[in-house]
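Each chain is listed here by its residues.
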Amino acid sequence: MASDGREAFYHGTDTQGRAIRRPMSPHLDVYRFRLSMALSIGNRMAGVASSLGAGLAVAWLAALAQGPRAFSRAQRVATHPLGRLVFLGWGVATTYHFVASIRHLIWDSGARFDKKEIDEDGRRSVFVTAGLCVSLATAFVALSRFRSKGTRA
Amino acid sequence: MNRLSDMRTPLARAKGLGGLADGAEHWTAERVSAALLGPLTIWGVAQLLRLAGRDRKSILVWAGRVQNAAPLGLLIALTGRHAQLGLEVVASDYSRGWRRFGLRLIIRLSTLLFVALGFASLARILITRPKEGQS
């Protein structure tokens, strides 16, 4: 554990008088699982994943600017099954982060803070994210198949 | 930062405790960049669908148009800024002291590099773009 001002409060002695590190009160593990906590940590992880994916997207743009050879190399990576999985993951992360951000901006205005409203909106955000992901992914795959067929013919 | 609005003790400020030494501005900048990214992201997704399955030349023609290059540049800049702010919040929640300082430095440099690479690529595309008629 990193050295930290709180460390000063963890010095104690046991019944024999020996110096010990005092136990920490239980905190994270005493809570029952709730959807809201998964959605909150999920939004944070989605934000980090979305940033990493954006880095890859800019690398792709750099390859596009570089020349035909760099671009075909980038496309080989992007259309590899693993590349497609990463692209899908980036899309899902960004979509969820987008939906959760709307909730956050609503919260910042002071609305939808009741427990019932938070639960309702949480469930809605899961359905909206799933719906958006499925329809966008379908549209992307259908459009790219349709167009690449057109150029080959 | 306005010293009158800083509620921390001088010691706490010197130790860099609190929201990365500038809490409120950081928080506001995160929301403002998020709100601006909303419409830009929708635009970006629409363009992605428009370009899906196209060859390099048609993508270059698309990116070479000012009405596409301008929002794309803005999208890159705001994504870099918003990623920097968000990653800093995450890093400052799970790290302290030198580790926090180091992570902050890495986040700042890499998001700056992200924007620089995006702008340089966009500039190169705009300079070397193929003529629209030839596509």
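Preceding block: the structure.
Since this is a predicted model, take the numbers as computed values, not measurements.

J.: Is there a simple way to explain the nonpolar core in this structure?
T.: One broad trend across soluble globular proteins is that nonpolar side chains are buried collectively. Membership of the largest hydrophobic core comes to 18 residues, with the highest contact counts inside it found for Val-58, Leu-61 and Leu-64 of chain A together with Leu-72 and Ile-125 of chain B. Only α1 (35–66) of chain A together with α4 (66–94) and α5 (97–128) of chain B provide two or more residues apiece to this core. Beyond its immediate chain neighbours, meaning those up to four positions away, Leu-72 of chain B contacts Ala-63 and Leu-122 of chain B. Judged by nonpolar contacts, the second largest core, of 9 residues, contains Leu-39, Val-92, Phe-98 and Ala-100 of chain A.

J.: Before we go on, may I ask you to explain the packing of α1 of chain A against α4 of chain B in this structure?
T.: Two elements in contact, α1 of chain A and α4 of chain B, have axes separated by 10 Å at closest approach and are oriented at 140 degrees. By the angle class used here, α1 of chain A and α4 of chain B are oblique. Relative to α4 of chain B, the crossing made by α1 of chain A is left-handed. On α4 of chain B, the residues that touch Arg-44, Gly-47, Val-48, Ser-51, Ala-54 and Val-58 of chain A of α1 of chain A are Ile-76, Thr-79, Ala-83, Gly-86, Leu-87 and Val-90 of chain B. A class-by-class count of the residues in the contact of α1 of chain A with α4 of chain B yields 7 nonpolar, 4 polar and 1 charged.

Each value, and the rule that gives it
- Residues numbered from 1 in each chain as written.
- Chains lettered and ligands numbered in written order.
- Predicted model: local features only at pLDDT ≥ 70, side-chain atom pairs only at ≥ 80, totals over all residues.
- Core = buried A, V, L, I, M, F, W, Y, C linked by C-beta atoms within 7 Å.
- Buried ≥ 20, exposed ≤ 12 C-beta atoms within 10 Å, placed from the backbone.
- Helix = DSSP H or I, 4+ residues; strand = E, 2+ residues; numbered from the N terminus.
- Contact = placed C-beta atoms within 7 Å.
- Axes fitted to C-alpha atoms, helices over the stretch in contact; angles between N-to-C directions.
- Parallel < 35°, antiparallel > 145°, perpendicular 65-115°, else oblique.
- Left-handed = near helix turned anticlockwise from the far one by under 90°.
- Nonpolar A, V, L, I, M, F, W, Y, C, P; charged D, E, K, R; others polar.

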